[in-house]
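Here is what each chain is made of, one letter per residue.
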Amino acid sequence: MKVLLLNCSPRRNSNTSIALEAVRKGLAPRHEVELIDVAKAGLRGCLACDGCRRNGGICVQPDGGAALLEKIVAADCIIFGSPVYWMGISAQGKALLDRFYAVEEALHKAPKKLGIVTVGAAGTGDGQYDLISGQFREIADFLHWELVLDARFSGWEAGAISADQDGLRKLTETAAGIR
């Protein structure tokens, strides 16, 4: 299975990247795994101009969105990793989700697996995690994909989730079970 891990944190060596490394560790023995730092694509927000619909799925804005969408369409499993910013995923992650509109038809044609790993300052029972989980459940339902991972971590300071060795171990084990 071809798995795409999308690190939507704009920070280097973030808690999100630590969590995604645990996911990669669980997946790597059996799957082809690629990790992409979404922030490096320099995605711009959607203009709602429908240019992508006239350009075969290519956004009119010159950024790395087209290359990312190509990889997403080709993948069997897409796992987003994002910090929790103001009750949702990061702007980088949301900009990428908005670009799904450009290739919506192709995404509907290919059943995929979808996952989300979120890291926020609040405790993992906080409602903001539920909002993000709900959004990803809706995306999975709309595209007829299977939601295979919904992991939550609490950690404010850089590297904080490294102390949650039990949580990271469980995340690795959960990822290893993705087929």
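Digging into the overall build of the protein chain
When its secondary structure is counted, the protein chain shows seven helices and five strands. The N-to-C order of helical and strand elements in the protein chain reads β-α-β-α-α-β-α-α-β-α-β-α. For the protein chain, the C-alpha atoms occupy an extent of roughly 50 × 35 × 25 Å along the three principal directions. By the burial criterion, 46% of the 179 residues in the protein chain qualify as buried. Counting only contacts in the protein chain whose residues sit at least 6 apart along the sequence, the fraction spanning at least 24 positions is 76%. Summed over all atoms, the accessible surface of the protein chain reaches about 8,900 Å², with 52% contributed by carbon and sulfur. A distance of 4 Å separates the average location of the 21 positive side-chain charges in the protein chain from that of its 21 negative side-chain charges.

Thoughts on helix α4 (residues 91–99)
Taken residue by residue, α4 has Gly93, Ala95, Leu96, Leu97 and Arg99 as its buried positions. Where α4 is buried, its residues contact β1 (2–7), α3 (65–74), β3 (77–83) and α6 (127–143).

Things to note about the pairing of strand β2 (residues 32–37)
Bridge analysis of β1 against β2 gives six bridges, and the strand direction is parallel. When the bridges of β2 are listed, leucine 5 appears paired with leucine 35. This β-α-β element, β1 to helix α1 (residues 15–27) to β2, shows right-handed connectivity.

A closer look at the packing of α1 against helix α7 (residues 165–176)
Relative orientation of the contacting elements α1 and α7 amounts to 40 degrees, with a least axis distance of 7 Å. With respect to α7, the element α1 is oriented oblique. Viewed along their axes, α1 and α7 form a crossing whose handedness is right-handed. Contact residues: α1 offers Ile18, Ala19, Ala22, Val23, Lys25, Gly26 and Leu27, while α7 offers Leu168, Leu171, Thr172, Ala175 and Ala176. Counted by class, the contact of α1 with α7 contains nine nonpolar, two polar and one charged residues.

So, the nonpolar core
Of all hydrophobic cores here, the largest spans 32 residues; its most connected members are Leu6, Ile72, Phe80, Leu96 and Phe100. Looking at this core, the element that brings in the most residues is α6, giving six residues. With residues near it in sequence (within four places) discarded, leucine 96 still touches Leu6, Val38, Leu43, Leu68, Leu69, Ile72 and Phe80. Core analysis: the next-biggest nonpolar cluster, separate from the first, contains 19 residues, Val23, Leu149, Leu168 and Ile178 among them.

A word on the pattern of salt bridges
On inspection of all chains with the given rule, the structure shows twelve salt bridges. With a closest N to O distance of 2.9 Å, lysine 113 and glutamate 146 form a salt bridge. Highlighted residues: lysine 113 in strand β4 (residues 113–120) and glutamate 146 in strand β5 (residues 146–154), separated in sequence by 33 residues. Judged by relative accessible area, lysine 113 falls into the buried class, the value being 17%.

Calculation notes
Residues numbered from 1 in each chain as written. Predicted model: local features only at pLDDT ≥ 70, side-chain atom pairs only at ≥ 80, totals over all residues. Heavy atoms only, no water. Helix = DSSP H or I, 4+ residues; strand = E, 2+ residues; numbered from the N terminus. Buried < 20%, exposed > 50% of the residue type's maximum accessible area, 1.4 Å probe, protein only. Contact = heavy atoms within 4.5 Å. Areas by Shrake-Rupley, 256 points an atom, 1.4 Å probe, with all protein chains shown as cover. Lys, Arg positive; Asp, Glu negative; His and termini not counted. Charge placed at Lys NZ, Arg CZ, Asp CG, Glu CD. Pairing = 2+ DSSP bridges. Right-handed = clockwise from strand over helix to strand, strands pointing away. Axes fitted to C-alpha atoms, helices over the stretch in contact; angles between N-to-C directions. Parallel < 35°, antiparallel > 145°, perpendicular 65-115°, else oblique. Left-handed = near helix turned anticlockwise from the far one by under 90°. Nonpolar A, V, L, I, M, F, W, Y, C, P; charged D, E, K, R; others polar. Core = buried A, V, L, I, M, F, W, Y, C linked by side-chain atoms within 4.5 Å. Salt bridge = Lys/Arg side-chain N within 4 Å of Asp/Glu carboxyl O.

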